[in-house]
Amino acid sequence: MKSMTKKVLVLSLIMAVIGSAAVFASGQQGGAAQGGERHAFVFKSTGNPYGERQMGGFEAGIKEQGFTAILRAPDLPTAEAQIQMIEQLIAQRVTSICIVGNDFDALQPVLTRAKNQGIKVYSLDSSVNPASRLTHVNQADSEKIGITLVEAAYDLAGGSGEIAILSATSQASNQNLWIDYMRKELAKPKYANLNLVKVAYGDDLRDKSVSETEGLLLSYPNLKCIIAPTTVGIAAAGKVLTDRGLQGKVALTGLGLPSEMAEYIDNGACPYMYLWNPIDVGYLGAYVATALSSGKIAGNAGETFAAGRLGNYTISQAPDGGTEVLLGPPFKFDKANINDWKSVY
Ligand code: RAM
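Residues numbered from 1 in each chain as written. Predicted model: local features only at pLDDT ≥ 70, side-chain atom pairs only at ≥ 80, totals over all residues. Heavy atoms only, no water.

Details of the pattern of salt bridges
Part 1 of the argument: Throughout the structure, instances matching the rule amount to nine salt bridges.
Part 2 of the argument: A salt bridge links Lys63 to Glu59; the nearest nitrogen and oxygen atoms lie 3.6 Å apart. One end of the pair is Lys63 and the other is Glu59, both in helix α3 (residues 49–63) and four residues apart, which spans about a single turn.
Part 3 of the argument: The exposure class assigned to Glu59 is partly exposed, which follows from its relative accessible area of 28%.
Part 4 of the argument: Ionic pairing is found between Lys208 and Glu212, a salt bridge with its closest N-O pair at 3.9 Å. With Lys208 and Glu212 both in helix α8 (residues 206–219) and four residues apart, this pair spans about one turn of that helix.
Part 5 of the argument: Overall, the relative accessible area of 30% leaves Lys208 in the partly exposed class.
Part 6 of the argument: Overall, the relative accessible area of 23% leaves Glu212 in the partly exposed class. (Salt bridge = Lys/Arg side-chain N within 4 Å of Asp/Glu carboxyl O. Helix = DSSP H or I, 4+ residues; strand = E, 2+ residues; numbered from the N terminus. Buried < 20%, exposed > 50% of the residue type's maximum accessible area, 1.4 Å probe, protein only.)

Printed below as a string of C-alpha cells:
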C-alpha cells in the first residue's frame, strides 16, 4: 500500500516536471499562442467581494475567448506582496498581467521587467504609473467620481458642517486620485461651509474600517457625513452607524456594492451611493488583455477594439499622461432601485 502511494507520488512528480518544462519551452518560443494564452489578474487583496466580482468578470471574458485566466490576490493590500506575485507570474511566462495596483510607483521595477520579457502589462481599477503600464482600464471618470461624492456630501450634510472620508489604504492610487478631485471640488466657494476634518484609512480590511469609523465618531461628535470611496469601507461604516442607531444624524455615502449596502440604504444609514458594475470592469480587462496580445492595440490613444458583449471601445488620453479605457459613468443607487440590484452584484 505504502509503496503504491510512493509510486503514484514519483509518477506525479515526473509528470509535474515534464509539464513545467513544456510550459517553460513554449514560453521561450514566445509560445503563448502555441500552448494557449494565459492571462493573469492580480487584485489588491483577498477577502474583498468587489475584487471577487472583478475577477469573476475577467475570468468569464478570458474563458469565452478560449484562453486561461490566472487569478491572484495577496492576503494584505501591499505593494511588496504584489511584487512577489508578479515575480512568480514572470517566471511562469504568462501572456499578460492585469494589475490592480496597491501603489502607483512602487511596482514599476517589477512591471518593467515583465514588459521587457514580452508580457503585456496593464492596470485596472487602481492604476500604476504610465511608465509601468501599456494602458489602464478605468471604471469611471475619476474627476466625475470626486465631484459627485462631494455634491452628495453637501446635499446630505445640508450644505454645511463637518465631513470625513473613510478610504482604503493610504497608497491606493484609485482612492487617492478620487480624494484629490474631492479636495479640488471642496475648494470651490459653494462648499465654504463644508469642513473636511479627516481622511481615515481602513485599508480595505473590514475590522480596521470598523474601528476607523468608530474613531471618527469619537473624535468628531458633530460629524454630519462620511464619504467612503471604497466598498469595504462603506459597508463597515454602514454597520457601525446602524448598530449605534445614527441614521438621520450621521449620513453615509460613497462607493458601495448593492449586495452589501441594500440593508443600509433601506434603513436610511446610507441614503444613496454610487458604483459601476465590477463584473463589467473585469470583463473589459479580459478584452484589453487579448487585444494587446494579438497586437490589435498597443495601448495608444485612438486605438479601438471590440470587448465582447460590451461592444466597442476606444483608448483615450488619461489625465496622468498615460492612456486609459473608460468603462462608463458611475451609477446612483438609492431606495428606489437598490432592490433591483442587490442580487446582481
Ligand atoms: C474597494 C477597492 C476597489 C475600489 C472599490 C470602489 O473594493 O478599494 O479598488 O474600486 O472599493
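Details of the site of the ligand
Part 1 of the argument: As a structural note, the neighbourhood of the ligand is formed by 13 residues, with Lys44, Asp125, Asn174, Asp204 and Thr231 the closest of them.
Part 2 of the argument: Side-chain polar atom of Gln175 to an oxygen atom of the ligand: 3.0 Å apart, as the coordinates give it.
Part 3 of the argument: Between the ligand and Thr231, the relevant distance is 2.5 Å, taken from an oxygen atom to a side-chain nitrogen or oxygen of the residue.
Part 4 of the argument: Across the complex, the protein chains shield 100% of the 290 Å² of accessible surface that the ligand would expose by itself.
Part 5 of the argument: Here the shell around the ligand takes three residues from helix α7 (residues 173–186), the largest share from any one element.
Part 6 of the argument: Counting contributing residues, the shell around the ligand receives three or more from each of domain 1 (4–138 + 277–329) and domain 2 (142–275). (Near = heavy atom within 4 Å. Polar contact = N/O pair within 3.5 Å; in protein donor to acceptor, adjacent residues only side chain to side chain. Areas by Shrake-Rupley, 256 points an atom, 1.4 Å probe, with all protein chains shown as cover. Domains from an automatic or database assignment.)

Here's the deal with unusual backbone geometry
Part 1 of the argument: Unlike most non-glycine residues, Asp125 shows phi in positive territory, near 70 degrees.
Part 2 of the argument: Considering the arrangement of structural elements, one finds Asp125 in the loop between β4 (120–124) and β5 (136–138).
Part 3 of the argument: With phi around 60 degrees, Asp204 is a residue other than glycine that occupies positive phi space.
Part 4 of the argument: Locating Asp204 in the fold gives a position in the loop between β7 (194–201) and α8.
Part 5 of the argument: The buried category is assigned to Asp204, whose relative accessible area is 9%.

So, the sheet that holds strand β1 (residues 38–42)
Part 1 of the argument: Pairing within the open sheet is mixed, and its seven strands lie in the order β2-β1-β3-β4-β5-β14-β13. Edge positions in the open sheet fall to β2 (68–72) and β13 (316–317), since each of these has one partner strand only.
Part 2 of the argument: Across three bridges, the pairing between β5 and strand β14 (residues 323–326) is parallel. The residue of β14 that forms the bridge with Val137 is Val325. (Pairing = 2+ DSSP bridges.)

Regarding the environment of Pro221
Part 1 of the argument: Topologically, Pro221 is positioned in the loop between α8 and β8 (223–228).
Part 2 of the argument: It is 9.4 Å that separates the C-alpha atoms of Pro221 and Glu162, two residues lying 59 residues apart in sequence.

A word on helix α9 (residues 231–243)
Part 1 of the argument: Counted at 1.5 Å a residue, the expected span for α9 with its 13 residues is 18 Å, and the 18 Å between its end C-alpha atoms agrees.
Part 2 of the argument: Of all 13 residues that make up α9, ten are buried, and the element is covered over most of its length.
Part 3 of the argument: Every buried residue belonging to α9 is among Thr231, Val232, Gly233, Ile234, Ala235, Ala236, Ala237, Gly238, Val240 and Leu241, and all of these are buried.
Part 4 of the argument: Its side-chain oxygen 3.1 Å from the backbone nitrogen of Val232, Thr230 forms the N-cap of α9. (Expected span 1.5 Å × (residues − 1).)

As for the packing of aromatic side chains
Part 1 of the argument: Applying the stated criterion across every chain, the model contains eleven aromatic pairs.
Part 2 of the argument: Measuring from centroid to centroid gives 5.8 Å for Trp178 and Trp276, while their planes differ by 55 degrees, and the two rings are tilted. Residue Trp178 is found in helix α7, and its partner Trp276 is found in the loop between β10 (272–275) and α11 (278–293); the two are separated by 98 residues along the sequence. In terms of burial, Trp178 and Trp276 fall into one category: buried.
Part 3 of the argument: The structure contains a cluster of three or more aromatic residues connected by ring pairs, namely Phe331, Phe333, Trp341 and Tyr345.
Part 4 of the argument: The ring of Tyr154 carries the charged tip of Lys190 above its face, separated from the ring centre by 4.8 Å.
Part 5 of the argument: In this structure, Lys332 packs its charged tip against the face of Tyr272, placed 4.1 Å from the ring centre. (Phe/Tyr/Trp six-rings, centres within 6.5 Å; stacked < 30°, edge-to-face > 60°. Lys NZ or Arg CZ within 6 Å of the ring centre and 35° of its normal.)

Re the nonpolar core
Part 1 of the argument: Formed by 80 residues in total, the largest nonpolar core has its most connected members in Leu252, Trp276 and Phe305.
Part 2 of the argument: Ranked by the residues each element gives to this core, the list is headed by α11, at nine residues.
Part 3 of the argument: The residue makeup of this core includes at least three contributed by each of domain 1 (4–138 + 277–329) and domain 2 (142–275).
Part 4 of the argument: Once residues within four sequence positions are removed from consideration, Phe305 is found in contact with Leu284, Tyr287, Val288, Ala291, Lys296, Ile297, Gly311, Asn312, Tyr313, Ile315 and Val325.
Part 5 of the argument: Formed by 18 residues, the second largest nonpolar core is a distinct cluster that contains Val94, Ile99, Leu107 and Val110. (Core = buried A, V, L, I, M, F, W, Y, C linked by side-chain atoms within 4.5 Å. Contact = heavy atoms within 4.5 Å.)

Remember that the coordinates give geometry; whether it matters functionally is a separate question.
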